[in-house]
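Survey of secondary and tertiary structure
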Amino acid sequence: MIVGLREFSLREFLKKNLDLITGIFAEIGLTVLVMLLSFALCLLILIFS
Amino acid sequence: MKRAVLVILLLLLLAPSARAETLRELLDEPASYDGRQVSFRGEVIGVIIKGDHAWVNIFDNGSAIGVWCRAEEAREISFIGDYTHRGDIVAGTGIFHLACAEHGGDVDIHAISLTVSEKGHVIERPMDVLLFSVSALIALAAVLLSFYLWHLRKERRKRVPWPFY
Amino acid sequence: MWGAMVLTPLTKEDLRIVGFNLSRISYVTGFVLFLPIIVAIFFNEFDNIPYFLIGSAISFILGSILYHFLYTQAEMELKHALVMAAVAWLFAPLLASIPIWLSGSMASPLDACFESISGFTGTGLTLAPDIDHMSRSINFLRHFLQFMGDGIGIIVISLSILGRTEMSSVLAFKGEAKEVGIRPSIVRTSRIIIGIGVMFLAIGTALFTVAGIQEGLDPGQAFFDGLNHAMTGYATGGFTVHSQSLLYYHSLWVEVAAIVIMIIGALNFNLHYAVLGGRRSEILRNLEVRVLLFLMVAFGFLVSSNLFSSGLYPTAESLFRKGFFQVISAQTTTGFQTVPPVHLMLVWPVFSILILSLAMLLGGSANSTSGGIKMLRVGVLFKSLVNEIKRSLLPRSAVVVGSFHHVEETPLSDKIIRGSAVIAMGYLILFMMGTMLTVLHGYGLEDSMFETASALGNVGLSCGITSPSMSPLLKVTYMFLMWAGKLEVIAVFVLIGFILLALRRGIK
């Protein structure tokens, strides 16, 4: 029973951290998206001038 | 005839020599210097070696510019200016760019030559022992006073119920 | 006008409540001023240590005086909280200016106060004449003030460390313009805000350090600079370790790291909490994120096009690193700059300066470290404008009810619209006043608008107007604008009302 409890809390721990880590990547990913979009627009300005 | 030649030679020698433009002038009148050869002079406040080239950031009277030079020239620099150091004074000539296409639009100078004209030195900042001791004592006293007053308040609250004081 | 309203006169008790709660701010500032001593020891700047000790001592002594003589257990009401927030954001910077002034880094005590307020409010306009030769501990303090004052918030810190009864905490919190809502307990909310801040500080430091080392800096410098810039980047403050701002590094990767941390800092705390807690879809459904991204990209496009057509930056890389970078720095109200200030005034086309001014005024997300009118209000006002147009076009009997998505679906009520409109009005009034005062000092119109928007929106981009040789009146004006902008205007007006009330009716 004790082993079962330990297993349970470990999974919870990982899941909590997983949310945090994927959340961080999502936020950083958002900023990267903005940068890629911005750079693409810069290229567009150059092409259509 | 000889005198005329001498005078003309003298004029030719004097004409193209530019006095060192101050960094402030370069930044304040960028259009007039953009793409032209200028002389610069300033205290080194940063050196970033990048392969066989280097960025040397120089500072003079409130203005600062990055100079792109050869790495060997940068390695001649011994002191970089900060709180405890006066940086080497470097001088040289180079092409000033208002928006350098090679460097992502940065304001910079591509150095043709860069030499250390004045070596820097360490700036002594001795600790004032008296000031240190006095201020440490006052700070300690202040913190202890705060804790004491807080403790006093806690004790008083136990003895006399609010709002009778 | 005042007589028509039934306003309870001010009592001595009102002053006690405000004064007593200021003691906590004093204590926290005292602790904050101790930390740079560690940096001073590390860099052998022992001569600087007395400055921090003295500043800290004065903070603790003042705190003790306020605590002892004004002790009260009376509950804070909304008016007290707003006044306290307004006063705290002057009081704490004043205390923190002591070590800055003592160190001799600034030209005058007024300049030291300016620097301190610029630090606490997360603005980033600087009057330091020689940042490159500044001691590392004082320089650290500048950056640390932005992280503590704006990245986390001095009231948030005092709440989480010193605790307090729920009600007054809620009110003080609201005074600092942060909406309650992350967690039911205010102290827990404060701790979460601190946790998020510290986490992103670590991430930002790592990004900057890696970028710095990659570009050729030695690891120690990369870390020190990285830590400081992560602090001011997350706080969307804008102080930098060197006088050339980020231009010192001549590096695309340092600028990329800066953009990452700037945008993250400009996002709403509630959003962080939702996304980091697993609700990742929130990141694209949230009204503020949408408005923020749209404006950054749209303004960036406009500025870059304008810069390109002016012939200034002919390559895509330079358009990105100058055009888009400055726009992102402006919109997030950070203030990192990769163009010399004087060039914004002399070289950049006017249209771009105006777009930047607009971006700075509109600002970042509500409940974030950003300044400005804030995206939530901008989004609300824009949607209500659209609804008004709909109403005029549809038959009288039709009912137009809008809503917006901000963590949850919220109806667009008149109350919300009114709140947003009033604060936007307040910003605009202060913007006009600041611009006119700057113009009076002989500066051009668009430059005055730019610098005023920078101060009011707590941004920190400068076109060169802000300098040690600026007139004292203008310095005080910008200090007022930075302060008012940080408090989102309302708390400042309440304080003025408080003072007027005291003058008119006296204090019982």
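Here the structure is a predicted model, which is why all the values come from computation and not from measurement.

**Things to note about the overall build of chain A**
Within chain A one finds one helix and zero strands. Relative to its full complement of 49 residues, chain A shows a buried share of 16%.

**Considering the overall build of chain B**
The secondary structure content of chain B amounts to five helices and seven strands. Along its sequence from the N terminus, chain B presents helices and strands in the succession α-α-α-β-β-β-α-β-β-β-β-α. Considering chain B as a whole, with its 165 residues, one finds that 30% of them fall into the buried category. Here the analysis covers contacts within chain B between residues at least 6 apart in sequence; of these, 56% occur between residues at least 24 apart.

**Side note on the interface of chain A and chain C**
Each partner contributes residues to the interface: chain A has 21 residues there, and chain C has 24 residues. For the side of chain A that touches chain C, a count of residues per class yields 14 nonpolar, five polar and two charged.

**Topic: the arrangement of the chains**
There are two pairs of chains in contact here; the most contacts are made by chains B and C. Kept free of each other, chain A and chain B leave a smallest C-alpha distance of 13 Å between them.

**Looking at the interface of chain C and chain B**
Facing 47 residues of chain C, the contacting portion of chain B comprises 42 residues. In terms of residue count, helix 3 (residues 49-69) of chain C provides more of the side of chain C that touches chain B than any other element does, twelve residues in total. Counted by class, the side of chain C that touches chain B contains 24 nonpolar, 15 polar and eight charged residues.

**Some words on unusual backbone geometry**
Residue Asn61(B) is not a glycine yet carries a positive backbone phi of 55 degrees. Mapped onto the secondary structure, Asn61(B) falls in the loop between strand 2 (53-60) and strand 3 (63-70). Positioned with a positive phi, His250(C) is a non-glycine residue whose angle comes to about 45 degrees.

**A few points about the pairing of strand 2 of chain B**
Residues and elements named next belong to chain B. The buried fraction of strand 2 amounts to six of the eight residues, a majority that puts the element mostly inside the structure. Between strand 1 (residues 37-50) and strand 2, which pair antiparallel one after the other, the connecting turn spans two residues, and Gly51 there sits at a positive phi close to 70 degrees. The turn linking strand 2 back onto strand 3 is made up of two residues, and Asn61 within it adopts a positive phi angle of 55 degrees.

**Some remarks on the domain arrangement of chain B**
When cut into domains, chain B gives domain 1 (19-122) and domain 2 (127-165). Taking the mean C-alpha position of each, domain 1 of chain B and domain 2 of chain B sit 53 Å from one another.

**Let's talk about helix 10 (residues 252-265) of chain C**
Taking 1.5 Å of rise per residue, 14 residues should cover 20 Å, and helix 10 of chain C covers 20 Å from first to last C-alpha, within 8% of that figure. Burial in helix 10 of chain C covers these residues: Val254(C), Glu255(C), Ala257(C), Ala258(C), Ile259(C), Val260(C), Ile261(C), Met262(C), Ile263(C), Ile264(C) and Gly265(C).

**Quick look at the nonpolar core**
Membership of the largest hydrophobic core comes to 200 residues, with the highest contact counts inside it found for Val56(B), Ile58(B), Val67(B), Ala85(C), Ala86(C) and Leu356(C). Apart from residues lying up to four places away in sequence, Ile58(B) is in contact with Phe40(B), Gly42(B), Glu43(B), Val44(B), Ile45(B), Ala64(B), Ile65(B), Val67(B) and Val90(B).

**Concerning the UniProt feature "transmembrane region" (unreviewed entry) in chain B**
Within the UniProt annotation, "transmembrane region" (unreviewed entry) is assigned to residues 129-150 of chain B. Between the end C-alpha atoms of residues 129-150 of chain B the distance is 32 Å, and the span holds 100% helix and 0% strand.

**Details of the packing of helix 13 (residues 287-309) of chain C against helix 14 (residues 316-331) of chain C**
All names here are of chain C. Where helix 13 meets helix 14, the closest approach of the two axes is 9 Å, and the angle between their N-to-C directions is 140 degrees. Between helix 13 and helix 14, the interaxial angle falls into the category oblique. Between helix 13 and helix 14 the crossing geometry is right-handed. In contact with Leu292, Leu295, Met296, Phe299, Gly300, Val303, Ser304, Leu307 and Phe308 of helix 13, helix 14 contributes Leu319, Lys322, Gly323, Phe324, Val327, Ile328 and Gln331.

**Let's talk about the environment of Leu445(C)**
Residues and elements named next belong to chain C. Relative to the elements of secondary structure, Leu445 occurs in helix 19 (residues 445-456). A count of 14 C-beta atoms within 10 Å places Leu445 in the partly exposed class. Along the chain, Leu445 and Val350 lie 95 residues apart, while their C-alpha atoms are 10.0 Å from each other.

**Remarks on the confidence of the model for chain B**
Across chain B, the average pLDDT comes to 88, with 87% of residues at 70 or higher. Here the predicted complex scores 0.90 on pTM and 0.87 on ipTM.

**Quick notes on the sheet that holds strand 3 of chain B**
Residue and element names in this part refer to chain B. Taken in spatial order, the five strands of this closed barrel run 1-2-3-6-5, and their pairing is mixed. For this sheet, the mean inter-axis angle between neighbouring strands, taken without regard to orientation, is 50 degrees. As judged from the three bridges shared by strand 3 and strand 6 (residues 106-118), these two strands associate in the parallel manner. Bridging from a neighbouring strand, Gly66 pairs with Asp108 of strand 6.

**Observations regarding the pairing of strand 3 of chain B**
All names here are of chain B. Judged by how many residues are buried, strand 3 sits mostly within the fold: six of eight residues are covered. Bridge count for strand 2 against strand 3 is eight bridges, and the pairing is antiparallel. In the sheet register, Ile58 faces strand 3, and the bridge partner there is Ile65.

**Here we look at the packing of helix 8 (residues 186-215) of chain C against helix 9 (residues 219-234) of chain C**
Residue and element names in this part refer to chain C. Put simply, helix 8 and helix 9 touch, their axes get as near as 7 Å, and they point 140 degrees apart. Here helix 8 is positioned oblique relative to helix 9, judged by the angle of their axes. As helix 8 packs across helix 9, the resulting crossing turns out to be right-handed. Facing Gly197, Phe200, Leu201, Gly204, Thr205, Phe208, Thr209, Gly212 and Ile213 of helix 8, the residues of helix 9 in contact are Pro219, Ala222, Phe223, Asp225, Gly226, Leu227, His229, Ala230, Met231, Gly233 and Tyr234. Class assignment of the residues belonging to the contact of helix 8 with helix 9 gives a composition of eleven nonpolar, eight polar and one charged.

Calculation notes
Residues numbered from 1 in each chain as written. Chains lettered and ligands numbered in written order. Predicted model: local features only at pLDDT ≥ 70, side-chain atom pairs only at ≥ 80, totals over all residues. Helix = DSSP H or I, 4+ residues; strand = E, 2+ residues; numbered from the N terminus. Buried ≥ 20, exposed ≤ 12 C-beta atoms within 10 Å, placed from the backbone. Contact = placed C-beta atoms within 7 Å. Nonpolar A, V, L, I, M, F, W, Y, C, P; charged D, E, K, R; others polar. Pairing = 2+ DSSP bridges. Domains from an automatic or database assignment. Expected span 1.5 Å × (residues − 1). Core = buried A, V, L, I, M, F, W, Y, C linked by C-beta atoms within 7 Å. UniProt positions renumbered as here; feature names shortened; annotations may be inferred. Axes fitted to C-alpha atoms, helices over the stretch in contact; angles between N-to-C directions. Parallel < 35°, antiparallel > 145°, perpendicular 65-115°, else oblique. Left-handed = near helix turned anticlockwise from the far one by under 90°. pLDDT = per-residue confidence, 0-100.

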